[in-house]
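Residue-level listing of the chains:
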Amino acid sequence: MKKILVIEDENALRNVILDILEAEDFYSIGAENGRVGVQLAQEHYPDLIICDVMMPELDGYGVLAELRKNAAMATTPFIFLTAKADYSSVREGMELGADDYLAKPFQRFELLRAVSTRLDKQEAVDRKVQEKLTDLRDNIAFALPAELNTPLSAIVNSSRVLVNECNLMESDDILDIAETIHSSSQQLHRLIQNFLLYAQLELASADPERVKALRTGSTQSVKSLVVDLATQAAQYVDRQADLQLELQDATVQVSEIKLKKIIRELIDNAFKFSQPGTPVRIVSLLSRDTVVVYITDKGRGMTAEQVASIGAYTQFERKLQEQEGTGLGLIIAKRMVELHGGELEIESIPRKETTIRIVLPIV
């Protein structure tokens, strides 16, 4: 049974609304003013809230603003009742996060239609969220054990050989095994750090104070940072000749350590998923208040459906072809850009080309 909270200071109207809802098998709760309404909402967590705008002590706008601070009610459908259905009051409520308006006086069918519409839309959103959570759990269950096991197995097996046979081995062989252990441990360390960072970003996204703290700092020269990271990435895979740079400089409102993480993940992906001998092109362009960075490779590419479904732990066609990494790098970069007030978009043609477009605010 759906639970609906009705906040209305006119006793007669509140009772009429409660009677209508109860006749339709809703569990309804009444509150005589905004203060009581906020208290009851935090006690009962209703599926929908119907709230008058003009009330003493705490008006409808104040109720909505107060409840939206509670993460558990950030998306609870909210319908305003008002006799003041002018444009300015409607806009004010919508900007605070109201879902609908009912102008007094209203008919019974109008009330029930508004309630049904909002509940149906919320159910659709909830189903979509549940589908994403299910996909996320499935991807974690599939990807995480394999990704952790790959470098860990290399470390365990190589160290076992070293312990058991070091007295019989040449120094060059010992060095080769030591290098395998070192590179595998670096891979494992980066993987664990990415999982932890992703969790921190997801927590931050729901907390305005954390987002504010995240946005402190700036980077003085985007051009220098991109040149250094791109050159290192190209040298690591011996593809210096494939790298193409056309960069305009800017100071951006992203700390250097965070911008390095964003750019490094995207450049690494560009080299990882394209073949030697094909170009990796990085371009930065200045606009009035932003800098736009394009990273283009001629690699495997993605379908429109794959681009739309990009998320943490997602790896496309993992069962059909082996793929290094968990897909976290791209989603971490996207999350970081968005939390800094920027944009990250992907345009891709399967088996031909992928372009990552990053828009960042400049100082």
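Our subject is the structure that appears above.
As the structure is a prediction and not an experimental result, all values here were calculated from the model. (Residues numbered from 1 in each chain as written. Predicted model: local features only at pLDDT ≥ 70, side-chain atom pairs only at ≥ 80, totals over all residues. Heavy atoms only, no water.)

**Student:** What am I meant to see in the overall build of the protein here?
**Tutor:** If you tally the helices and strands in the protein, you get eleven helices and ten strands. If you take every contact in the protein between residues at least 6 apart in sequence, the share linking residues at least 24 apart comes to 67%. Per element, the accessible surface of the protein, about 19,900 Å² overall, is 51% carbon and sulfur. (Helix = DSSP H or I, 4+ residues; strand = E, 2+ residues; numbered from the N terminus. Contact = heavy atoms within 4.5 Å. Areas by Shrake-Rupley, 256 points an atom, 1.4 Å probe, with all protein chains shown as cover.)

**Student:** I keep staring at the environment of leucine 175 and nothing clicks. Help me out?
**Tutor:** Among the structural elements, leucine 175 can be located in helix H6 (residues 171–205). The class for leucine 175 is partly exposed, based on a relative accessible area of 47%. Between the C-alpha atom of leucine 175 and that of leucine 162, which follows or precedes it by 13 residues, the distance is 9.9 Å. (Buried < 20%, exposed > 50% of the residue type's maximum accessible area, 1.4 Å probe, protein only.)

**Student:** I would appreciate a short explanation of the packing of helix H2 (residues 34–44) against helix H3 (residues 60–68) in the present structure.
**Tutor:** Describing two packed helices takes the angle between their axes plus the distance from one axis to the other. For the pair H2 and H3, interaxial distance at closest approach is 9 Å and the crossing angle is 25°. Relative to H3, H2 is oriented roughly parallel. Between H2 and H3 the crossing geometry is right-handed. Seen from H2, the contacting residues are Gly34, Val38, Ala41 and Gln42; seen from H3, they are Val63, Glu66 and Leu67. Residues belonging to the contact of H2 with H3 are distributed by class as follows: four nonpolar, two polar and one charged. (Axes fitted to C-alpha atoms, helices over the stretch in contact; angles between N-to-C directions. Parallel < 35°, antiparallel > 145°, perpendicular 65-115°, else oblique. Left-handed = near helix turned anticlockwise from the far one by under 90°. Nonpolar A, V, L, I, M, F, W, Y, C, P; charged D, E, K, R; others polar.)

**Student:** Looking at this model, I keep getting lost on the side chain of arginine 68. Mind explaining?
**Tutor:** Secondary-structure assignment places arginine 68 in helix H3. A polar side-chain atom of arginine 68 sits 2.9 Å from the main-chain carbonyl oxygen of methionine 73. At 3.1 Å, the side chain of arginine 68 forms a polar contact with the backbone oxygen of threonine 76. (Polar contact = N/O pair within 3.5 Å; in protein donor to acceptor, adjacent residues only side chain to side chain.)

**Student:** It is not clear to me how the pattern of salt bridges should be interpreted in this structure. Could you clarify?
**Tutor:** Note that side chains of opposite charge can pair when their charged atoms are close. For the structure shown, the criterion picks out 18 salt bridges. Among the salt bridges present, the one from glutamate 24 reaches arginine 108, with a minimum N-O distance of 2.6 Å. Taken together, the residues glutamate 24 in the loop between helix H1 (11–23) and strand E2 (27–31) and arginine 108 in helix H5 (residues 108–165) connect sequence positions 84 residues apart. The partly exposed category is assigned to arginine 108, whose relative accessible area is 41%. Here aspartate 52 makes a salt bridge to lysine 104, at a shortest N to O gap of 3.1 Å. Residue aspartate 52 is located in strand E3 (residues 48–52), and its partner lysine 104 is located in the loop between strand E5 (100–103) and H5; the two are separated by 52 residues in the primary sequence. Judged by relative accessible area, aspartate 52 falls into the buried class, the value being 4%. (Salt bridge = Lys/Arg side-chain N within 4 Å of Asp/Glu carboxyl O.)

**Student:** What should I look at first to understand the side chain of asparagine 33 in this one?
**Tutor:** Along the chain, asparagine 33 turns up in the loop between E2 and H2. For asparagine 33, a relative accessible area of 12% translates into the label buried. Only 3.1 Å separates the side chain of asparagine 33 from the backbone nitrogen of arginine 35, close enough to count as a polar contact. Excluding anything up to four places from it in sequence, asparagine 33 contacts Ile7, Met55 and Glu57.

**Student:** Would you explain a negative patch on the surface in this entry?
**Tutor:** A contiguous patch of negative charge on the surface is contributed by Glu170, Asp172, Asp173, Asp176 and Glu179. Tracing the sequence through the fold places aspartate 173 in helix H6. (Patch = residues over 30% accessible without salt bridge, like charges linked within 9 Å, V, L, I, M, F, W, Y side chains within 5 Å. Lys, Arg positive; Asp, Glu negative; His and termini not counted. Charge placed at Lys NZ, Arg CZ, Asp CG, Glu CD.)

**Student:** Just checking my understanding: could you explain H2 for this structure?
**Tutor:** Residues lying three or four places apart along an α-helix face the same way, a consequence of the helix completing one turn every 3.6 residues. Listed as buried for H2 are Gly34, Gly37, Val38, Leu40 and Ala41. In this structure, the buried residues of H2 make contact with strand E1 (3–7), E2, E3 and H3. The opening residue of H2, the one whose side-chain oxygen lies 3.1 Å from the backbone nitrogen of arginine 35, is asparagine 33. A positive backbone phi angle near 45° is found at tyrosine 45, which sits one or two residues after H2.

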